Structure formats: structure tokens, C-alpha cells
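What follows is each chain in one-letter form.
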Amino acid sequence: MSTKGKEKKFFGQPYGLSTLFMTEFWERFSYYGMRAILLYYMYYAVSQGGLGFDQVTAVSIMSIYGSLVYMTSVLGGFISDRILGSRRTVFWGGVLIMFGHIFLSLPMGQPTLYLSILFITIGTGLLKPNVSEMVGGLYSENDPRRDAGFSIFVMGINFGSLLAPIVVGQAWKSFNFHVGFSLAAVGMFFGLVTYYFQGKKYLPDNSLQAPDPLSAAELRTFIKRVIWCVVGIAVIFVILLAMHAVNIKNIISLFTFLGVALPIAYFVIILSSKKVTKIEKSRVRAYITLFIAAVIFWAIEEQGSTVLGLFVANNTQLNVNINFLGFHLDKLVPSWFQSLNPLFIVLYTPIFAWLWTKLGKKQPSSPAKFWLGLMVTGFSYLVLLIPIMTSHGNKINPWWLVLTWGIIEIGEMLISPIGLSVTTKLAPKAFSSEMMSMWFLADAAGQAINAKVVQFYPGHQMAYFGIVGIVAIVFAIILLLITPRIEKLMAGVN
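Treat the numbers as computed from the prediction; the structure is a model and nothing was measured.

**Describing the overall build of the protein chain**
Within the protein chain, the secondary structure is distributed over 16 helices and 4 strands. Taken against the 2.2 N^0.38 rule, which gives 23 Å for 494 residues, the C-alpha radius of gyration of the protein chain at 23 Å falls within 12% of a compact globule. Its C-alpha atoms give the protein chain principal-axis dimensions of roughly 60 × 60 × 50 Å. Considering the protein chain as a whole, with its 494 residues, one finds that 53% of them fall into the buried category. Restricting to contacts in the protein chain with at least 6 residues of sequence separation, those with at least 24 account for 82%. Summed over its atoms, the accessible surface of the protein chain is roughly 22,800 Å², and 69% of this surface lies on carbon and sulfur atoms. On the protein chain, the mean spot of the 36 positive side-chain charges and the mean spot of the 21 negative ones are 4 Å from each other.

**Details of the packing of aromatic side chains**
Within the structure shown, the criterion is met by 34 aromatic pairs. Measuring from centroid to centroid gives 6.5 Å for F370 and W439, while their planes differ by 70°, and the two rings are edge-to-face. Here F370, found in helix α12 (residues 366–383), pairs with W439, found in helix α15 (residues 432–453); they are 69 residues apart in sequence, far enough to count as distant. Residue F370 shares its accessibility class with W439, and that shared class is buried. Through successive ring pairs, a cluster of aromatic residues spans Y40, Y41, Y43, Y44, W172, F177 and F181. Over the face of the ring belonging to W172 we find K173, whose NZ or CZ atom lies 4.6 Å from the ring centre. Note that K369 overlies the ring of W356, its terminal NZ or CZ placed 4.0 Å from the centroid.

**Brief notes about a nonpolar patch on the surface**
On the surface, L219, I223, I227, W228, V231, V235, I239 and M243 cluster together into a nonpolar patch covering about 800 Å² of accessible area. Take V231: it is sitting in helix α7 (residues 216–242). Overall, the relative accessible area of 37% leaves V231 in the partly exposed class.

**What about the confidence of the model for the protein chain?**
One rule of thumb: low pLDDT means the predicted coordinates there are not for detailed reading. Counting all residues, the mean pLDDT for the protein chain is 90, and 97% of those residues have values of 70 or more. Across residues 1–6, where pLDDT falls below 50, the model places 14 contacts with residues more than four positions away in sequence or in other chains.

**Digging into the environment of E133**
Tracing the backbone through its elements, the reader meets E133 in helix α4 (residues 110–136). Separated by 47 residues in the primary sequence, E133 and S86 place their C-alpha atoms 7.8 Å from one another.

**Describing the environment of A36**
With respect to the helices, strands and loops of the structure, A36 is situated in helix α1 (residues 16–43). Residue classification places A36 among the buried residues on the basis of a relative accessible area of 4%. Residues A36 and A164, 128 residues apart in the sequence, show an inter-C-alpha distance of 8.0 Å.

**Notes on the packing of α12 against helix α16 (residues 461–489)**
Contact pair α12 / α16: the axes reach a minimum separation of 8 Å and the direction vectors enclose 170°. Here α12 is positioned roughly antiparallel relative to α16, judged by the angle of their axes. Here the hand of the crossing between α12 and α16 comes out left-handed. Each residue belonging to the contact of α12 with α16 can be placed in one class, and the counts come to 21 nonpolar, 4 polar and 1 charged.

**Concerning α1**
Taking 1.5 Å of rise per residue, 28 residues should cover 40 Å, and α1 covers 42 Å from first to last C-alpha, within 8% of that figure. The largest bend along α1 measures about 35° and falls at I37. Here α1 lies mainly inside the structure; 26 of its 28 residues are buried.

**Here's the deal with unusual backbone geometry**
Phi is positive for H244, close to 55°, though the residue is something other than glycine. Mapped onto the fold, H244 is located in the loop between α7 and α8 (248–272). According to the relative accessible area criterion, H244 is exposed, its value standing at 75%. In this model, H392 sits at a positive phi of 55°, which is unusual for a non-glycine residue. Summarising the element assignment, H392 is placed in the loop between α13 (385–390) and α14 (399–426). Of the residues examined, H392 reaches a relative accessible area of 72% and is grouped as exposed.

**Considerations on helix α9 (residues 278–301)**
Relative to the 34 Å expected for 24 residues at 1.5 Å per residue, α9 spans 34 Å between its end C-alpha atoms, a close match to the ideal helical length. A large share of α9 lies buried, amounting to 17 of its 24 residues.

**Concerning the pattern of salt bridges**
Applying the stated rule across the entire model yields 4 salt bridges. The residue R28 makes a salt bridge to E27 at a minimum N-O spacing of 2.7 Å. Each member of the pair, R28 as well as E27, is classed as buried. Between D212 and R82 there is a salt bridge, and its shortest N-O distance comes to 3.4 Å. Of the two residues, D212 is situated in the loop between α6 (177–202) and α7 and R82 in helix α2 (residues 55–84); the sequence distance between them amounts to 130 residues.

**Concerning the nonpolar core**
Grouped together as the largest cluster of nonpolar side chains are 114 residues, with contacts concentrated most on M34, L38, M42, Y287, F370, Y381 and F465. Other than its neighbours up to four places away in sequence, F370 contacts L290, A293, A294, L414, I415, I418, G419, W439 and L479. Of all hydrophobic cores here, the second largest spans 23 residues; its members include M98, Y139, F153 and L203.

**Description of the side chain of T72**
Relative to the elements of secondary structure, T72 occurs in helix α2. There is a polar contact of 2.8 Å between the side chain of T72 and the backbone oxygen of T121. Setting aside chain neighbours within four positions, we find T72 in contact with T121, I122 and G125.

**Points about the side chain of S207**
Within the secondary structure layout, S207 lies in the loop between α6 and α7. By relative accessible area, which is 7% here, S207 ends up buried. Sequence-distant contacts of S207, defined by excluding residues within four places in its chain, comprise G85, S86, R87 and M134.

Scoring rules and cut-offs
- Residues numbered from 1 in each chain as written.
- Predicted model: local features only at pLDDT ≥ 70, side-chain atom pairs only at ≥ 80, totals over all residues.
- Heavy atoms only, no water.
- Helix = DSSP H or I, 4+ residues; strand = E, 2+ residues; numbered from the N terminus.
- Rg over C-alpha atoms; globule rule 2.2 N^0.38 Å.
- Buried < 20%, exposed > 50% of the residue type's maximum accessible area, 1.4 Å probe, protein only.
- Contact = heavy atoms within 4.5 Å.
- Areas by Shrake-Rupley, 256 points an atom, 1.4 Å probe, with all protein chains shown as cover.
- Lys, Arg positive; Asp, Glu negative; His and termini not counted.
- Charge placed at Lys NZ, Arg CZ, Asp CG, Glu CD.
- Phe/Tyr/Trp six-rings, centres within 6.5 Å; stacked < 30°, edge-to-face > 60°.
- Lys NZ or Arg CZ within 6 Å of the ring centre and 35° of its normal.
- Patch = residues over 30% accessible without salt bridge, like charges linked within 9 Å, V, L, I, M, F, W, Y side chains within 5 Å.
- Salt bridge = Lys/Arg side-chain N within 4 Å of Asp/Glu carboxyl O.
- pLDDT = per-residue confidence, 0-100.
- Axes fitted to C-alpha atoms, helices over the stretch in contact; angles between N-to-C directions.
- Parallel < 35°, antiparallel > 145°, perpendicular 65-115°, else oblique.
- Left-handed = near helix turned anticlockwise from the far one by under 90°.
- Nonpolar A, V, L, I, M, F, W, Y, C, P; charged D, E, K, R; others polar.
- Expected span 1.5 Å × (residues − 1).
- Bend = angle between axes of the 7 residues up to and from the residue.
- Core = buried A, V, L, I, M, F, W, Y, C linked by side-chain atoms within 4.5 Å.
- Polar contact = N/O pair within 3.5 Å; in protein donor to acceptor, adjacent residues only side chain to side chain.

Shown next, in the form of C-alpha cells:
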């Protein structure tokens, strides 16, 4: 590890944490700022500065977009571990993200939308998993500051996510969509500048090297596989072209299939591997049930920027009259509601950290936390039925949306950090890195399924929220009933 900058501290932590904190702050600012207004950009009429898509297509594209971001994180981990090393992988990921936002800032219609999706998807996949890995690299295994360092880092993520929808959304309302997207690009530029110059001083030198570089033979095999993948994609495209079936709907269906098939293929490979012991296979089987629960949770949680984004714009009273400390507000911007997710995470994190510490060994097992989290998440959608039924067709009070997000984020506190922890505990030794990729694929699969499910939302709000909420609660009850069996399969892991 580099000795440069050891004299400087960041809240008692290695100063390199400051570099990674600000890099991830600006990356999340750029991503969540873009995401907060992208849905509206796609379905607003061209005369209003949008692209004029119908709302069903817009929410489906948003879902596939989110799914692809998490699918490419698998690629990002591979490139970092085997080719570039984490520091270079993060840098080039940031460059791609910045150019993706620049494309969106150009008023050139659909072509720049698809280019931005390509660049931001790959860029985020390169950056997201590897920044977190670099945080761990700042500490020795026994450094008592490690947990506190990750907590500070996570706060950086959430502060960036919290501010972005407000700032970028206001830029959209005050000027236009493209000014908002430009702010996202500027945010990523600041992150890159911080990362590049401070990284030279304060990040470990070993982050410049791939920990398990490809041999010459492996590199040839890798290139061949890439070529075969490209050929396969080209063949599929040609077939669709010949059938006159190249359209957004079919492309969305293709990516939905990929998002679901990828984790299934991973599980088959792991369970059929001779490197995995009998006990490890038992733990993986236990993990499959938790994985399915996570898919359902993420499918609902990630609808905050799709279904709830539409509900805010179409069914929520945004004209208000608020005076607070001399500040007057007469209208809410729809994108501002996207800040509720990180806001509640910031508020809840210290509470849950205290709760688990207080309970110690008396706290619920991981499967129990999962069914509780899924139950709460399903309930959050049923809550929305109350204002819908009592509004008599009028727009609802925005506080109902605040309540819904507040409940969903309780579910996230019970599933997201617990899922990360249990993934590392149940992972077979031979597939430890791949199992972390599996956790990202739970989100990818959830959003891939969303791309189809959200198509039933427009015009059917009550049925949609009711059915999705009930499905989550029913699976939570099933998970509750089989929790003793899952705990047994976990073979001593709590």
C-alpha cells in the first residue's frame, strides 16, 4: 500500500476514503439526477421538450435500463480483477458515464437517448462494484476503522442521491430537460477530476494492477468468447430484422429474458461445479430462496422511478402553499419525490445499526429479516389503495407518497444490507466473487421482470398496487413458513 498521504486523515479514516467518497457522491449525483427526470423526458410531448413516447414504453425502457446497469456490474468485476485493476476500471467507467450524460444533454432526440443508455450502462457497471472494493483496499483485515469507513462511504452515496433529484429537477423546471442532463454530466466531471488527481496521492498503488490477470491463453479464450457473443447478438438482430420484428417492444422482451436467464445460469454452474462441497451446495440452495425474495423486493423498490414516478406526475396534488422560515413553495416538482428513497435511508441507517447491536444474538435470523422486509414492502403498496379509493377521482395528498416511500425503505433496511452480508456468508469458496455478482443480479432480474409487469399499470392503479402488494405479502408468508428449513440448509451460518 502506498505510504503517500498517510499524515492526512478524513474523519479519522485513511484520506483515500475522501477521494472515493467524493467520486461516488458525484457518480450517484449524476446517475440519480439523470434518472429522476429521464422518465418524464421520454414521455413528455416533443412540444414540451420530450421524446413523445407513450407512458408504457417509457416505464419499460426505464426498467430495462436499470436492469442493464446491474447486469454490467458482473462485467465490471471481471475487467477489474482480470484486466485493468480497480483504479483504471473505475476511471474509464466514469468517463463513459460522463459522455453518456453529455449525449442526453444534446437535443438530438432518440439516437442520443440510446447512445446514453449504452454508455451509462457500461460505465456504471465498470465503476459501481469496483469503487466499493477499493474502499476495502484502504484497510488491513484487522483495522477496526473498516466498518466506520464503509458507513461514511455509504453516506456519500446517499447524499449524492438525495441532492440530485432536487437540483437536476429544478434545472429541468426552470430551463429544460437538457440543462438538467448537463448538470448530471458536470457532476460526473467533478467526480472524475477529484478521483484522478487525488487518487495519485491517496489511493493504494496495488489498485492499479489486476489481482488475477489473464494469462495469454486465457486472454485468447476471452477474446474468442467476446467475438462469439457479438456474433450471437448480430445473428439475433438479423433474424429479427428478417422477420420485421426489430422494435422497442421485442428488444425489451429480449433483455427481460436475459435478466432472468443470467442468474439461473449462474446457479446451475455453481451447483454443478465439482469445486463446491456438499455443505456449500446446501447453503447455495438456501440462498436461492432468499434470492427470489430479493428479486421481488427489488422489483417493487425500483418502481420508485417508474410506476411511482408516473403516479406522482399524474395522480398527486403538486400545487401546494408552504411557508417555512421565509421560504415559500407553491408547486412541487415530480422529480423531487425521488429524493425520498435516500432521505429515509439516511434517517433509518443509524436506527437499524443501533437496533441490531442492541439485540445482539437475539436479533432475527437472515431469512426472518427477509420475510419481514418483504411483508413490509408489500404493505407499502396496499397503503396507496386508501387514498385512491377515497379520492373519488381527485389527485391525492403528496403525504401519502411520503408514507409509502417511508414504509418501503424499512423493507430495504431489512433486506439490502442483510442480503449483502448473507451473500458473503453463504458463498462457496470457489465462487466468492461470483456470488457477490449474484446479489447485483437480483436487482437486475427484478427490474427485468418490471419491464413487463409495469406495462399493466397505466389506467389500472388500484388493481396494480393491490395485486403487486398481495403477491409480495403471500411470498413473505411462504418464506415465513419455510424459514426453519432454510436455516437448516444454511448449515450453521446465521
